[in-house]
Amino acid sequence: MSQSPRTLSRRFVLRGLGTAVALPLLDVMSPTRLLAATSDGGPPPLRMGFFYVPNGMHMPAWTPQKEGRGFELTPTLQKLAENKDSISVLSGLTLDGARAHGDGGGDHARSVAAFLTGAHPRKTNGADIQNGVSVDQVAAQYVGDRTRFASLELGLEASSQAGNCDSGYSCAYASNMSWRGPTNPMAKETDPRALFDRLFAGQTVKETRRAKSEREKYRKSILDFVSEDAKRLHAHLPIVDRRKLDEYLYSIRDVEKRLDGAEKLGLTEEGVPDYPRPSGVPQELSRHSDLMMDMVALAYQTDSTRILSFMFTNAGSNRAYKEIGVNEGHHELSHHGKSEHKQAEIAKINSFHAERFNYLLSRLKLIREGDGSLLDHCMIVYGSGISDGDRHNHDDLPILLAGGGGGRIRAGQHVRYKNGTPLCNLYLWMMKQMGANADSFGDSNGVLQGLG
């Protein structure tokens, strides 16, 4: 060890051939965490995330009746019961940019394109796409240089950059919600193995490829390449940090085993109807989602990024959810026409997505960081740019804010805003918490109140 535990940098990594394993926040990295934050000490960093579900929500099973901290969990939100004290349900928020404004059909594509930008995308299925800059990319301009990845764009279905996906709207709108510029959508990573390799790759492409080849040939773990470095560090750490390091390395190996298990069992696929996906993706959506959520937790835990976006599926997805007994397509069901059967099936899909999101929140809550958990230092939006899928309305959206925001959020409440309140008011508030010096964003008309 070249560094004393008292001076261990947050940027310290375990190194080996083609491998760089960033560390979680250890106590020896922040001896002054009760003082003002610095680049290498102080309180844990604040993380921001955005999670999108398509086709709206069965709102009667989503919206709580009571306001405040005494609200009762509805059937869909019941999947988040163990994390109720870490979520805030926000009713009445509106996404005006997703409305037609004279452009006719295309609510699904608009709902995704506008979700993080607040903009009204140009209706085109050609190369002349035009949208706004998304809130995650604005925030990345302020804090992205402090981490290995300025932001991560993730999902369970691949992005498309061309084609006609929704009533004359380009597939670029329907499958990307993160936009670096008005004409620059950020494609999603959907393969958990590829994301794992990105998170733990070495400094040079040549070394990384060599290490990957050796791992596959000899069935090695990435931890085998950094074992000596890990042993040296372990010997110099206090007992509490040794435990944290052991738990972290165990979690890495556990993810590796599950990745390997899916591949050995043949539980991967080349694609699903209408939505081609890269090889190596687990066949079961729940397994695929949970592995990606593990990657999100690792990315946050190692401070590899502080900003990410995640799309469960693309806009207008017509995927069937056979693993939960739903054999009809999601999009077709969302046009329920008040059919009790279709609404019940939609509620099942909504609960499935909420359960997958709950898996992430539970993972983040288990990771100790500073004087609390990793979840305490996150602010994560979950929801959709469509309210009722049959009406295609974009007001009173199903929006949830998870995490403690580093003490800035009074979680565990249901806040009802005046219907029509811009969703971008929430984003403006979040941007300010990340240090962005902005007076407006999208169609905001102020900073959202009632969160703290």
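Up top is the structure.
Keep in mind the model is a prediction, meaning the values are calculated, not measured.

Caption draft 1: Examining the pattern of salt bridges more closely. Under the counting rule described, the total for this entry stands at 18 salt bridges. A salt bridge links Lys244 to Asp27; the shortest N-O distance between them is 3.1 Å. With a gap of 217 residues between them, Lys244 in helix H8 (residues 239-264) and Asp27 in the loop between strand E2 (19-22) and strand E3 (47-52) connect regions that are remote in the sequence. Residue class for Lys244 comes out buried when judged on its relative accessible area of 14%. Given a relative accessible area of 26%, Asp27 falls into the partly exposed group. Lys348 is the partner of Glu345 in a salt bridge, and the nearest nitrogen-oxygen pair spans 3.1 Å. Residue Glu345 and its partner Lys348 are located together in helix H11 (residues 340-366), separated by three residues, close to a single helical turn. Under the relative-accessibility criterion, Glu345 is labelled buried at 7%. Each of the salt bridges in this network shares a partner with another, and the network as a whole consists of Asp254, Arg258, Asp294 and Arg363.

Caption draft 2: How the structure looks around the packing of aromatic side chains. Summed over the entire model, instances satisfying the criterion amount to 13 aromatic pairs. Ring plane angle 75 degrees and centroid distance 5.9 Å describe the contact between Tyr169 and Tyr173, whose orientation is recorded as edge-to-face. The exposure classification of Tyr169 matches that of Tyr173, with both residues buried. Here Phe312 and Tyr382 contribute two aromatic rings whose centre-to-centre distance is 6.2 Å and whose plane-to-plane angle is 80 degrees, an arrangement assigned as edge-to-face. Linking Phe312 in the loop between strand E12 (307-311) and helix H10 (330-334) with Tyr382 in strand E15 (residues 378-383), this pair joins segments that are 70 residues apart in sequence. Take Phe312 and Tyr382: they sit in the same class, and that class is buried. A cation over an aromatic ring shows up here: Lys84 above the ring of Phe71, its NZ or CZ 4.7 Å from the ring centre. We note Arg356 situated over the ring of Phe352; from NZ or CZ to the ring centre the distance is 5.1 Å.

Caption draft 3: Spotlight on the nonpolar core. Among the nonpolar cores identified, the biggest contains 72 residues, and Phe51, Ile252 and Phe357 are the most heavily contacted of them. Broken down by element, the residue count for this core peaks at ten residues, all from helix H9 (residues 285-301). Counting the residues that make up this core, at least three belong to each of domain 1 (41-199 + 280-434) and domain 2 (204-266). Discounting residues that sit within four places of it in the chain, Phe51 has contacts with Met293, Val296, Leu308, Phe310, Phe312, Phe357, Leu360, Ile380, Val381, Tyr382 and Gly383. Among the nonpolar cores identified, the runner-up in size contains 52 residues, and Leu90, Leu116, Val143 and Ala315 belong to it.

Caption draft 4: Quick look at the side chain of Arg306. Position of Arg306 among the secondary structure elements: in the loop between H9 and E12. At 2.8 Å, the side chain of Arg306 and the side chain of Asp303 are in polar contact. In this structure Arg306 touches Pro45, Leu46, Arg47, Met48, Arg146, Thr147, Tyr300 and Met434, once residues within four positions along its chain are discounted.

Caption draft 5: Structural context of the pairing of strand E5 (residues 152-155). Where burial is concerned, the two faces of E5 agree: the one with Leu152 and Leu154 and the one with Glu153 and Gly155 are both buried. Here E5 runs beside E12; their pairing, made up of four bridges, is parallel. Within the sheet, the bridge partner assigned to Leu154 lies in E12 and is Phe310.

Caption draft 6: Examining the pairing of E12 more closely. Within E12, five of the five residues are buried, which leaves it mostly tucked inside the rest of the structure. Residues Ile307, Ser309 and Met311 of E12 are buried on one face, and the alternating residues Leu308 and Phe310, pointing to the opposite face, are buried as well. The pairing of E3 with E12 spans five bridges and is classified as parallel. Opposite Met48, over in E12, you have Ile307 as the bridge partner.

Caption draft 7: Examining unusual backbone geometry more closely. In this structure, Ser167 takes a positive phi of about 50 degrees despite not being glycine. With respect to the helices and strands, Ser167 occurs in the loop between strand E6 (164-166) and strand E7 (169-170). For Ser167, a relative accessible area of 46% corresponds to the partly exposed category. Within the chain, Asp303 stands out as a residue other than glycine whose phi angle is a positive 55 degrees. Relative to the helices and strands, Asp303 resides in the loop between H9 and E12.

Caption draft 8: View of the sheet that holds E12. Taking strand neighbours across the sheet as the criterion, the seven strands line up as E5-E12-E3-E15-E16-E4-E17 in an open arrangement whose pairing is mixed. Every interior strand has two partners, whereas the edge strands, E5 and strand E17 (413-422), have only one. Each strand of the sheet is rotated relative to its neighbour by a mean of 20 degrees, with strand direction disregarded. Relative to strand E16 (residues 399-402), E15 runs antiparallel, the two being bridged by four bridges. Along E16, the bridge assignment pairs Gly383 with Ile399.

Caption draft 9: Quick look at the environment of Ala127. Position of Ala127 relative to the elements: it lies in the loop between helix H1 (107-115) and helix H2 (135-143). Classification of Ala127 by relative accessible area gives exposed; the value is 82%. Expressed as a C-alpha distance, the spacing of Ala127 and Gln161, which sit 34 residues apart in the sequence, is 8.9 Å.

Caption draft 10: Fine view of helix H4 (residues 192-199). Counting buried positions along H4 yields six of eight residues, so the element is predominantly enclosed. Buried within H4 we find Pro192, Arg193, Leu195, Phe196, Asp197 and Leu199. Two or three places before Arg193, at the start of H4, stands the capping residue Asp191, its side-chain oxygen 3.0 Å from that residue's backbone nitrogen.

Caption draft 11: Here's a closer look at the packing of H4 against H9. For the pair H4 and H9, the least separation of the axes is 10 Å and the interaxial angle reads 15 degrees. Comparing their axes, H9 and H4 come out roughly parallel. Crossing handedness for the pair H4 and H9: left-handed. Across the interface between the two elements, Pro192, Leu195, Phe196 and Leu199 from H4 touch His288, Leu291, Met292, Met295, Leu298 and Ala299 from H9.

Cut-offs applied
Residues numbered from 1 in each chain as written. Predicted model: local features only at pLDDT ≥ 70, side-chain atom pairs only at ≥ 80, totals over all residues. Heavy atoms only, no water. Salt bridge = Lys/Arg side-chain N within 4 Å of Asp/Glu carboxyl O. Helix = DSSP H or I, 4+ residues; strand = E, 2+ residues; numbered from the N terminus. Buried < 20%, exposed > 50% of the residue type's maximum accessible area, 1.4 Å probe, protein only. Phe/Tyr/Trp six-rings, centres within 6.5 Å; stacked < 30°, edge-to-face > 60°. Lys NZ or Arg CZ within 6 Å of the ring centre and 35° of its normal. Core = buried A, V, L, I, M, F, W, Y, C linked by side-chain atoms within 4.5 Å. Domains from an automatic or database assignment. Contact = heavy atoms within 4.5 Å. Polar contact = N/O pair within 3.5 Å; in protein donor to acceptor, adjacent residues only side chain to side chain. Pairing = 2+ DSSP bridges. Axes fitted to C-alpha atoms, helices over the stretch in contact; angles between N-to-C directions. Parallel < 35°, antiparallel > 145°, perpendicular 65-115°, else oblique. Left-handed = near helix turned anticlockwise from the far one by under 90°.

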